[in-house]
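Residue-level listing of the chains:
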Amino acid sequence: MNNFYQLKVSKINQLTPDAVEITFSISEEVKDIFRFQAGQYVTIKHEINGEDIRRSYSLCSNPNSTNISIGVKRIENGKMSTFLTRELEVGNYLSVMPPLGSFVLNGDRVVGICAGSGITPILSMMKTEVSDFVLIYGNKKRDSAMFLDDINKMSVKSYFSYSRENVPNCFHGRVNNDVLKEIHRSINFLEFDYFYLCGPNEMISNVEEYLLSINVPKNKILFEKFTSDDIIQDSEELSLDEVVTSDVTVIIDGDEFEYQLSSDAETILDSAMEEGADLPFSCKGAVCCVCKAKVIEGKVKMKQNFSLSEEEVDEGYILTCQSHPITEKVVVDYDEI
Ligand code: FES
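Residues numbered from 1 in each chain as written. Predicted model: local features only at pLDDT ≥ 70, side-chain atom pairs only at ≥ 80, totals over all residues. Heavy atoms only, no water.

Participant: Please explain the pairing of strand S19 (residues 329–333) as it appears in this structure.
Facilitator: Within a regular strand, the side chains alternate between the two sheet faces. Counting buried positions over the 5 residues of S19 gives 4, a clear majority of the element. Taken together, the 3 bridges between strand S15 (residues 292–297) and S19 define a ladder with antiparallel strand orientation. Across the sheet, the residue bridging to Glu297 is Val331, located in S19. (Buried < 20%, exposed > 50% of the residue type's maximum accessible area, 1.4 Å probe, protein only. Helix = DSSP H or I, 4+ residues; strand = E, 2+ residues; numbered from the N terminus. Pairing = 2+ DSSP bridges.)

Participant: I would appreciate a short explanation of helix H5 (residues 201–213) in the present structure.
Facilitator: One turn of the α-helix equals 3.6 residues, which is why residues spaced by three or four share an orientation. Helix length check: H5 (13 residues) gives 18 Å between terminal C-alpha atoms against 18 Å at 1.5 Å per residue, within 8%. Every buried residue of H5 is accounted for by Met203, Ile204, Val207, Glu208, Tyr210 and Leu211. The arc enclosing the buried residues of H5, seen along the axis, measures out at 165°, which places them on a common side. Among the exposed residues of H5, those pointing more than 90 degrees away from its buried face are Glu202, Glu209 and Ser213. (Expected span 1.5 Å × (residues − 1). Arc of directions from axis to C-beta.)

Participant: Could you clarify how one ought to interpret the sheet that holds strand S17 (residues 317–319) in this entry?
Facilitator: Sheet strands line up and pair through hydrogen bonds in the backbone, either parallel or antiparallel. With mixed pairing, 5 strands are arranged side by side in an open sheet as S14-S13-S19-S15-S17. The open sheet has two free edges, formed respectively by strand S14 (255–262) and S17, since each of these has just one partner strand. In this sheet, neighbouring strand axes are inclined to one another by 35° on average, regardless of whether the strands run parallel or antiparallel. Inspection of the sheet shows strand S13 (residues 245–252) paired to S14 by 8 bridges, in the antiparallel sense. Opposite Asp247, over in S14, you have Gln260 as the bridge partner. (Axes fitted to C-alpha atoms, helices over the stretch in contact; angles between N-to-C directions.)

Participant: Would you explain the sheet that holds strand S6 (residues 93–100) in this entry?
Facilitator: Spatially, the 6 strands line up as an open sheet ordered S4-S3-S6-S1-S2-S5, and their pairing is antiparallel. Since the sheet does not close on itself, it has two edges, and those belong to strand S4 (51–58) and strand S5 (68–73), each with one partner. Here the average twist between neighbouring strands, direction ignored, is 40°. Sheet topology note: the strand S2 (residues 19–24)/S5 ladder contains 6 bridges and is antiparallel.

Participant: Explain the state of the cysteines to me, please; I cannot follow it from the model alone.
Facilitator: Overall, the coordinates contain 0 disulfides when judged by the stated rule. Of all cysteine sulfurs, the one in Cys198 lies closest to Cys60, which takes part in no disulfide; the gap is 12 Å. (Disulfide = S-S within 2.5 Å.)

Participant: Sorry, what's going on with unusual backbone geometry here?
Facilitator: Glycine aside, a negative phi is what most residues show, and trans is what most peptide bonds show. Of note, Asn77 is a non-glycine position whose phi angle comes to about 70°, a positive value. With respect to the helices, strands and loops of the structure, Asn77 is situated in the loop between S5 and helix H1 (79–87). If you check the backbone angles, Asn215 has positive phi at about 75° while not being a glycine. Among the structural elements, Asn215 can be located in the loop between H5 and strand S12 (221–224). Overall, the relative accessible area of 64% leaves Asn215 in the exposed class.

Dropping the structure here:
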């Protein structure tokens, strides 16, 4: 399950001084494995200064094209994004996990609302056959906006907003209530099937709040937060009613790993990897969902969860990078997803 494939970098396109589009060649043998739906992401693994770093990046290419591409913006102190934007060269090979993610395109009339590198999954959606697509795209300045040339060549209704400069025919400021209200005057948001939001948490919260306030149903608003967070802050404390020592069983690819774990010790993901399990993970920050598994016996407590829906949690799905056992026996199955 935790499979990485060596993919060759076939092209690096400098998009802005701090952002690149990286294209990987997809050979005939892995063509089916790397088939994806617009909106999905891949996880890249690379050793940097002796540390195993993993980060997830949304695919920005057309799902029907023969190769796959990601867009990467350099984040200050971001180890992986600095490597990918400054050191990677055409011809290098990278370890890439096949596409994952449930932030996928549905509907015929769609609004994509994004900021910064949040454009990447939205761009992939724009390249597919959607009959009516509206883009609302925020950036600090014009020269920091990724994929502007590509967007301008597409027949998509686009609105741009810049927070740090005045640009003719564009909004000035962040993508917020005022911008959305203004756009809603010319297009009726209530006539659209789905809203795809991708960018910083604050933008997503504000946009969601606005859409709900004009009576867009909650189930039509879908969002993805991880693309802007190269560094995840792990500041939350786990609150426990009592500390138990649990008999934990972790199942992956039919193999079982059994060990004891206290609820105030490491997470299920980290502890099982110490036991020798080869488990999938990427952000370790509750956003990418790569470490998802199902609890089939007992209970766990998650420290944070930014990616599983309430329904998934009710069905027993967990983010193992955030989970601690709280019953005397816990069985977690990675094969049940
Ligand atoms: S590794 Fe990303 S949510 Fe757990």
